[in-house]
Amino acid sequence: SPNCIPLLHYLVQNKIQINLFTEAEDTRHDSFAEVAHFCKLLKVPIQSNGTIYNWLKQIKPDVVFILGYKHLIHVQKIDNHLQQKIFNIHFGVLPHYKGPSPVFWQLKNGEPHPGITIHLVNEKFDDGHIIWMKRIK
């Protein structure tokens, strides 16, 4: 999703090493072209073959941010040292707006203060310990 571009830009500006994983099927969507172009310009490597688990073993990152990944991540398949360092960026207030399209549901329900949440990934969708939340008017 192009929604990751501001985060990628911030990390590049702060000289933080980035590696991007996406599923091969996602690279065929028009929305990925913008992300791929941005990554090419800033020399951010993209891996789109294999599984997220193989990518994590290969890259051995210090921390992982998930944005728009549509599959449940099985934490038990990930090295222990990384399990508490995988965060999901969710465009909704948790625990009330779990699942896909949380922005839509917040607006449809007239939420006076919609928000965004960053939480630890666990064995359930949008269920891990909340690390940070920001609400807006």
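To keep things clear, this report deals only with the structure shown in the data block.

Reading guide: rules and limits
Residues numbered from 1 in each chain as written. Predicted model: local features only at pLDDT ≥ 70, side-chain atom pairs only at ≥ 80, totals over all residues. Heavy atoms only, no water. Core = buried A, V, L, I, M, F, W, Y, C linked by side-chain atoms within 4.5 Å. Buried < 20%, exposed > 50% of the residue type's maximum accessible area, 1.4 Å probe, protein only. Helix = DSSP H or I, 4+ residues; strand = E, 2+ residues; numbered from the N terminus. Contact = heavy atoms within 4.5 Å. Arc of directions from axis to C-beta. Pairing = 2+ DSSP bridges. Axes fitted to C-alpha atoms, helices over the stretch in contact; angles between N-to-C directions. Salt bridge = Lys/Arg side-chain N within 4 Å of Asp/Glu carboxyl O.

## Considerations on the nonpolar core
Thought 1: Counting residues in hydrophobic clusters, the biggest one holds 13 residues, and the most contacted among them are Ile52, Leu56, Ile66, Ile73, Ile78 and Ile86.
Thought 2: When contributions to this core are tallied by element, the ones reaching two or more residues are helix 3 (52–59) and strand 3 (64–66).
Thought 3: For this core, the element with the highest residue contribution is helix 3, accounting for four residues.
Thought 4: Discounting chain neighbours no more than four positions away, the residues touching Ile52 are Phe21, Ile66, Tyr69 and Ile73.
Thought 5: Judged by nonpolar contacts, the second largest core, of 11 residues, contains Cys4, Leu11, Phe38 and Val44.

## A closer look at helix 3
Thought 1: Ile52, Tyr53, Trp55 and Leu56 are the residues of helix 3 that are buried. Taken down its axis, helix 3 places every buried residue within 160° of arc, on the same side.
Thought 2: Where helix 3 is buried, its residues contact strand 1 (20–21), strand 2 (46–47), strand 3, helix 4 (80–83) and strand 4 (86–90).
Thought 3: Positioned one or two residues after helix 3, Lys60 has a phi angle of 55°, which is positive.

## Digging into the sheet that holds strand 5 (residues 115–120)
Thought 1: The four strands are arranged 3-4-5-6 in an open sheet whose pairing can be described as mixed. If you trace the sheet from one side to the other, it starts and ends with strand 3 and strand 6 (130–135), each paired once. Strand-to-strand twist of the sheet, defined as the mean angle between neighbouring strand axes without regard to direction, takes the value 15°.
Thought 2: Two elements, strand 4 and strand 5, share four bridges in a ladder whose sense is antiparallel. Within strand 5, the position partnered with His90 by the bridge is Thr117.

## Here's the deal with the pattern of salt bridges
Thought 1: According to the stated counting rule, one finds three salt bridges in the structure shown.
Thought 2: The salt bridge partner of Lys70 is Glu25, with a shortest N-O separation of 2.8 Å. With a gap of 45 residues between them, Lys70 in the loop between strand 3 and helix 4 and Glu25 in the loop between strand 1 and helix 2 (30–41) connect regions that are remote in the sequence.
Thought 3: Note that Glu111 is salt-bridged to Arg135, the shortest N-O span being 3.4 Å. Placement of the pair is Glu111 in the loop between helix 5 (102–108) and strand 5 and Arg135 in strand 6, with a sequence separation of 24 residues.
Thought 4: For Glu111, a relative accessible area of 22% corresponds to the partly exposed category.
Thought 5: With a relative accessible area of 38%, Arg135 lands in the partly exposed category.

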